[in-house]
Amino acid sequence: MSKTSLREGQMIISLPESCLLTTDTVIRSYLGTYIAKCQPPPSPLLALCTFLVSEKHAGDQSLWKPYLDILPKAYTCPVCLEPKVVNLFPEPLKAKAEEQRARVQGFFSSSRDFFSSLQPLFSEAVENIFSYSALLWAWCTVNTRAVYMKHGQRKCFSPEPDTYALAPYLDLLNHSPDVQVKASFNEKTRCYEVRTASGCRKHEQVFICYGPHDNQRLLLEYGFVSIQNPHACVYVSAELLVKYLPSTDKQMNKKISILKDHDFIENLTFGWDGPSWRLLTALKLLCLEAEEFTCWKKILLGDIISDTNEKRSLVIAQKICHYFIEETNAMLQKVSHMKDEEVALINQLTLVETLWTEELKILQASDEILNSLQMPFR
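Just so it is clear, the structure is predicted and the values come from calculations on it, not from any experiment.

Caption draft 1: Examining the domain arrangement of the protein chain more closely. According to the domain assignment, the protein chain contains domain 1 (1-19 + 167-226), domain 2 (21-162) and domain 3 (234-377). Domain 1 and domain 2 are separated by 24 Å when their C-alpha centres are compared. Taken together, the 15 residues of domain 1 in the interface contact 21 residues of domain 2. Summing both partners gives a buried area of about 1600 Å² for domain 1 against domain 2, and 59% of it is carried by carbon and sulfur.

Caption draft 2: How the structure looks around the sheet that holds strand 6 (residues 191-196). Ordered by their spatial adjacency, three strands build an open sheet running 1-6-5, and the pairing between neighbours is antiparallel. Edge positions in the sheet fall to strand 1 (11-16) and strand 5 (181-186), since each has one partner strand and no second. Pairwise comparison of adjacent strand axes, ignoring direction, gives a mean angle of 10° for this sheet.

Caption draft 3: Representation of the nonpolar core within the structure. Core analysis: the largest hydrophobic core is formed by 57 residues, its most contacted members being Val236, Leu241 and Phe270. If one sorts the elements of this core by residue count, helix 14 (residues 307-341) sits on top with eleven residues. Residues Leu52, Phe114, Leu118 and Phe122 belong to the second largest nonpolar core, which totals 42 residues.

Caption draft 4: Layout of the sheet that holds strand 10 (residues 274-275). The strand order 8-9-10 describes an open sheet built from three strands, whose pairing is antiparallel. Of all strands in the sheet, those with a lone pairing partner are strand 8 (234-235) and strand 10, marking the two edges. Where strand 8 meets strand 9 (residues 269-271), two bridges bridge the pair, whose relative direction is antiparallel. Each residue of the ladder has a partner; that of tyrosine 235, found in strand 9, is threonine 269.

Caption draft 5: How the structure looks around the UniProt feature "domain: SET" (unreviewed entry) in the protein chain. In the numbering used here, UniProt assigns the feature "domain: SET" (unreviewed entry) to residues 1-211. Helix and strand shares over residues 1-211 are 39% and 12% respectively, and the end C-alpha atoms of the span are 21 Å apart.

Caption draft 6: Region of the structure containing helix 12 (residues 277-286). In terms of burial, helix 12 is a largely internal element, eight of the ten residues being buried. For helix 12, every residue scored as buried is listed here: Leu279, Leu280, Thr281, Ala282, Leu283, Lys284, Leu285 and Leu286. As for helix 12, its buried residues are in contact with helix 10 (238-241), helix 11 (252-261), strand 9, strand 10, helix 13 (296-300) and helix 14.

Caption draft 7: The arrangement of the packing of aromatic side chains in detail. Scanning the entire structure with this criterion turns up eleven aromatic pairs. For the ring pair phenylalanine 108 and tyrosine 132, a centre distance of 5.5 Å and an interplane angle of 75° mean the geometry is edge-to-face. Of the two residues, phenylalanine 108 is situated in helix 6 (residues 91-117) and tyrosine 132 in helix 8 (residues 132-145); the sequence distance between them amounts to 24 residues. Pairing phenylalanine 114 with phenylalanine 115 gives two aromatic rings, centres 6.3 Å apart and planes at 45°, and the pair type is tilted. By relative accessible area, which is 3% here, phenylalanine 115 ends up buried. Pairwise contacts between aromatic rings join Phe114, Phe115, Phe122 and Phe130 into one cluster. Above the ring of tryptophan 137, the side-chain terminus of lysine 56 is found at 4.0 Å from the ring centroid. Sitting above the plane of the phenylalanine 264 ring, arginine 278 keeps its charged end 4.9 Å from the centroid.

Caption draft 8: Spotlight on the layout of surface pockets. By volume, the largest pocket amounts to about 1000 Å³. Taken together, 40 residues make up the lining of the largest pocket; nearest its centre are Asn143, Thr144, Arg145, Ala146 and Tyr222. Those elements that place two or more of their residues in the lining of the largest pocket are helix 6, helix 8, strand 2 (147-148), strand 4 (174-175), strand 5, strand 6, strand 7 (207-208) and helix 9 (215-222). Per-element tally for the lining of the largest pocket: the top contributor is helix 8, with five residues. Residues that form the lining of the largest pocket fall into these classes: 26 nonpolar, nine polar and five charged. Here the lining of the largest pocket gathers at least three residues from each of two domains, domain 1 (1-19 + 167-226) and domain 2 (21-162). Of the voids in this model, the second largest pocket is the one considered here, and its volume is about 680 Å³. Taken together, 26 residues line the second largest pocket, and the ones lying closest to its centre are Pro90, Glu91, Pro92, Tyr235 and Ser237.

Rules used in this analysis
- Residues numbered from 1 in each chain as written.
- Predicted model: local features only at pLDDT ≥ 70, side-chain atom pairs only at ≥ 80, totals over all residues.
- Heavy atoms only, no water.
- Domains from an automatic or database assignment.
- Contact = heavy atoms within 4.5 Å.
- Buried area = accessible area lost by both parts, 1.4 Å probe.
- Pairing = 2+ DSSP bridges.
- Helix = DSSP H or I, 4+ residues; strand = E, 2+ residues; numbered from the N terminus.
- Axes fitted to C-alpha atoms, helices over the stretch in contact; angles between N-to-C directions.
- Core = buried A, V, L, I, M, F, W, Y, C linked by side-chain atoms within 4.5 Å.
- Buried < 20%, exposed > 50% of the residue type's maximum accessible area, 1.4 Å probe, protein only.
- UniProt positions renumbered as here; feature names shortened; annotations may be inferred.
- Phe/Tyr/Trp six-rings, centres within 6.5 Å; stacked < 30°, edge-to-face > 60°.
- Lys NZ or Arg CZ within 6 Å of the ring centre and 35° of its normal.
- 1 Å grid on protein atoms, 1.4 Å probe; cavity = no way out; pocket = protein on both sides within 12 Å on 5 of 7 lines; lining within 4 Å.
- Points joined across faces, edges and corners; volume = space filled by probe spheres on them.
- Nonpolar A, V, L, I, M, F, W, Y, C, P; charged D, E, K, R; others polar.

Listed below in structure tokens is the structure:
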């Protein structure tokens, strides 16, 4: 909460470098000599995760105990959710969630030799300390809470970018898509600074913005969904794009090829303001009649080819929208039914339910907009 009203450009928080937990912190610690000797060199991410697990294991002996105590005990990133819950995700998110799980499992497997080299530091077996669940907790801590802070390349680390900094207290500030902030490490003051770019009234909660992310990205990276998120959208796959187009169109393969060549086959979405320009443009090209086909370049430049083409693309967009509304309602029913049966998973299922509910609101808004866009052609 802000004790005073904050004007645009005013400092929200300034955190000295000494308070940040970075790879510098790790190198200066008891882990430093082990990192320097390790071959192949560990990644900056592994160094941070190892330090977090080790310090958590140290308990009261850790200088970082006050910070570790306020960190979540568990996370809600997809990698932490039950597979049966992840299975309820929209298809694009489900694929990314499975990639995330495979990436973290690979991260754990490839780190075991490094953990074994640390055995002289511990009386207990390192396999018990650096378990999969312990590393998963540390990975989620860094992934969901770290701020961006660039460090120079060091020989003791693998070549991956060293850009993480954990910022105690600062990372308690919640996300809002409606605020704007400027956040970066100030080389002159040697502090990580966050300034408001939108102001904040006295005694209101102070928010920061993690970036203009849609809800699927927020859930994937941070484990939450933002209500009424202006950046939220529903993704249309290439398969669904052609679902309601005539299978007799002999130029369909050529049209799909053009869309792929000009990067118009991905990031096609419905949003709060209706179908995106990219989605409508792709549909207009796909709806071209044989005699109009030579005009495809004009479509990509935003030109109108004919009233018939405009109308057809809007009709197809609405059919896709209706398909999504039907599928979303069916999925919400399925989630509701599972909440009654899987009481232990109620929190995870509520998270998925929130995502689908927000997507339904977007689709309903898009449907109304598509109705009004078609009015001139009726």
